[in-house]
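In case you want the letters, here they are:
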Amino acid sequence: MRRQIVRRVSKSAKAGQALAFFSVVLGLLAIVAHRFGQVDTLSFLLAGSAASVIAIIALFFAGIGLWRMWSEGAKAGGAVLRTFVFASLTLSPLFAAAIMGAQTPLINDVSTDWIDPPQFPIGSRVDVMPPISEPKSQTEIAQLQAEAYPDIQTQKLVIDPQLAEQIIRASAKTLGWQPTTRSGSINSPDGATQAFETQSLIFGFTDDIIVRLKRGDDGLLMDVRLTGRAGESDLGAHAKRIVSFFAAFASEQRKRGI
């Protein structure tokens, strides 16, 4: 009768698999809850950080499982593989943010005019998290923005102010921006402003937009400012949104034969 050798299953590998799976569940629940407004941004970030820490701990246990599989012959391969898959799902947003952050300036406020930037109405921005480090001055932000996004400039318009306001609202609607407040007058020094909100598709981060129209020497001047409510970097999203708005505005002008 042949003696059958039963390989022990690595408890470390199994623990890593369970922890990694839990990190995925926690991360997904946090994303869904934040995306649909069930938790505030701070709670979401804390839950996401906790999920990431759990995923890293899971990888540590998976490493122990691999070592025991190599040194003791314990069964661990399947559990380790699943741990790496689950942990990668949890940590992939961090890796993506790190890569994008290395390629974009560390700013979360982009404006076509930093000499006299459009101002958001008081009380229009809620759930705003203060930056972790000392906030940058407007001069610092303007310099970083000019180096990274030289095309983000004030737009000169030669059209009727009321028509310009209509095109602004139509362009914002095309992009899915939600209007919030309107204030000012085209004839005042501060101009007329229209504020909007938009959310990132997956994580539900809210960004605030303000579009300003005021009279210039040869027509109208249109400025756009976009700022986020959390974090110190927008990972390049704000500049892309402003460029998309300019494109939508131009497209709406063509539709109207302007």
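Here the structure is a predicted model, which is why all the values come from computation and not from measurement.

**Notes on the overall build of the chain**
Then step 1. What the chain contains, in helices and strands, is six helices and six strands.
Then step 2. For the chain, the succession of helices and strands along the chain, N to C, is α-α-α-β-α-β-α-β-β-β-β-α.
Then step 3. Sorting the 258 residues of the chain into buried and exposed places 38% on the buried side.
Then step 4. Sequence separation of 24 or more characterises 69% of the internal contacts of the chain that already satisfy a separation of 6 or more.
Then step 5. By element, 61% of the accessible surface of the chain is carried by carbon and sulfur atoms, the whole surface being about 15,200 Å².
Then step 6. The distance from the centre of the 26 positive side-chain charges to the centre of the 22 negative ones in the chain is 19 Å.

**Observations regarding the environment of Val243**
Then step 1. Mapped onto the elements, Val243 comes out in helix H6 (residues 237-255).
Then step 2. When its relative accessible area of 46% is taken as the criterion, Val243 is described as partly exposed.
Then step 3. Residues Val243 and Ala51 lie 192 residues apart in sequence; the distance between their C-alpha atoms is 34 Å.

**Points about the environment of Arg212**
Then step 1. In this structure, Arg212 sits in strand E5 (residues 206-216).
Then step 2. With 196 residues separating them in the primary sequence, Arg212 and Gly16 have C-alpha atoms 53 Å apart.
Then step 3. For Arg212, the residues in contact, after removing those within four places along its chain, are Asp113, Asp116, Pro117, Pro118, Asp190, Ala192, Thr193, Leu221, Met222 and Asp223.
Then step 4. At 2.9 Å, the side chain of Arg212 and the backbone oxygen of Asp116 are in polar contact.

**A few points about the packing of aromatic side chains**
Then step 1. Tallying each qualifying case throughout the model produces nine aromatic pairs.
Then step 2. Taken together, a centroid distance of 6.3 Å and an interplanar angle of 45 degrees make the contact between Phe44 and Phe203 tilted. Taken together, the positions of Phe44 in helix H2 (residues 41-72) and Phe203 in the loop between strand E4 (192-199) and E5 put the pair 159 residues apart, joining distant regions of the chain.
Then step 3. Pairing Phe203 with Phe205 gives two aromatic rings, centres 6.4 Å apart and planes at 40 degrees, and the pair type is tilted.
Then step 4. Given the relative accessible area of 26%, Phe203 is considered partly exposed.

**So, helix H1 (residues 11-35)**
Then step 1. Taking 1.5 Å of rise per residue, 25 residues should cover 36 Å, and H1 covers 36 Å from first to last C-alpha, within 8% of that figure.
Then step 2. Looking at the buried residues of H1, the elements they touch are H2 and helix H3 (77-103).

**Some words on a nonpolar patch on the surface**
Then step 1. Together, Phe21, Val25 and Leu29 line one region of the surface with nonpolar side chains, adding up to about 280 Å² of accessible area.
Then step 2. Among the secondary structure elements, Phe21 is positioned in helix H1.

How each quantity is defined
- Residues numbered from 1 in each chain as written.
- Predicted model: local features only at pLDDT ≥ 70, side-chain atom pairs only at ≥ 80, totals over all residues.
- Heavy atoms only, no water.
- Helix = DSSP H or I, 4+ residues; strand = E, 2+ residues; numbered from the N terminus.
- Buried < 20%, exposed > 50% of the residue type's maximum accessible area, 1.4 Å probe, protein only.
- Contact = heavy atoms within 4.5 Å.
- Areas by Shrake-Rupley, 256 points an atom, 1.4 Å probe, with all protein chains shown as cover.
- Lys, Arg positive; Asp, Glu negative; His and termini not counted.
- Charge placed at Lys NZ, Arg CZ, Asp CG, Glu CD.
- Polar contact = N/O pair within 3.5 Å; in protein donor to acceptor, adjacent residues only side chain to side chain.
- Phe/Tyr/Trp six-rings, centres within 6.5 Å; stacked < 30°, edge-to-face > 60°.
- Expected span 1.5 Å × (residues − 1).
- Patch = residues over 30% accessible without salt bridge, like charges linked within 9 Å, V, L, I, M, F, W, Y side chains within 5 Å.
- Salt bridge = Lys/Arg side-chain N within 4 Å of Asp/Glu carboxyl O.

What is shown is where atoms sit, not what they do.
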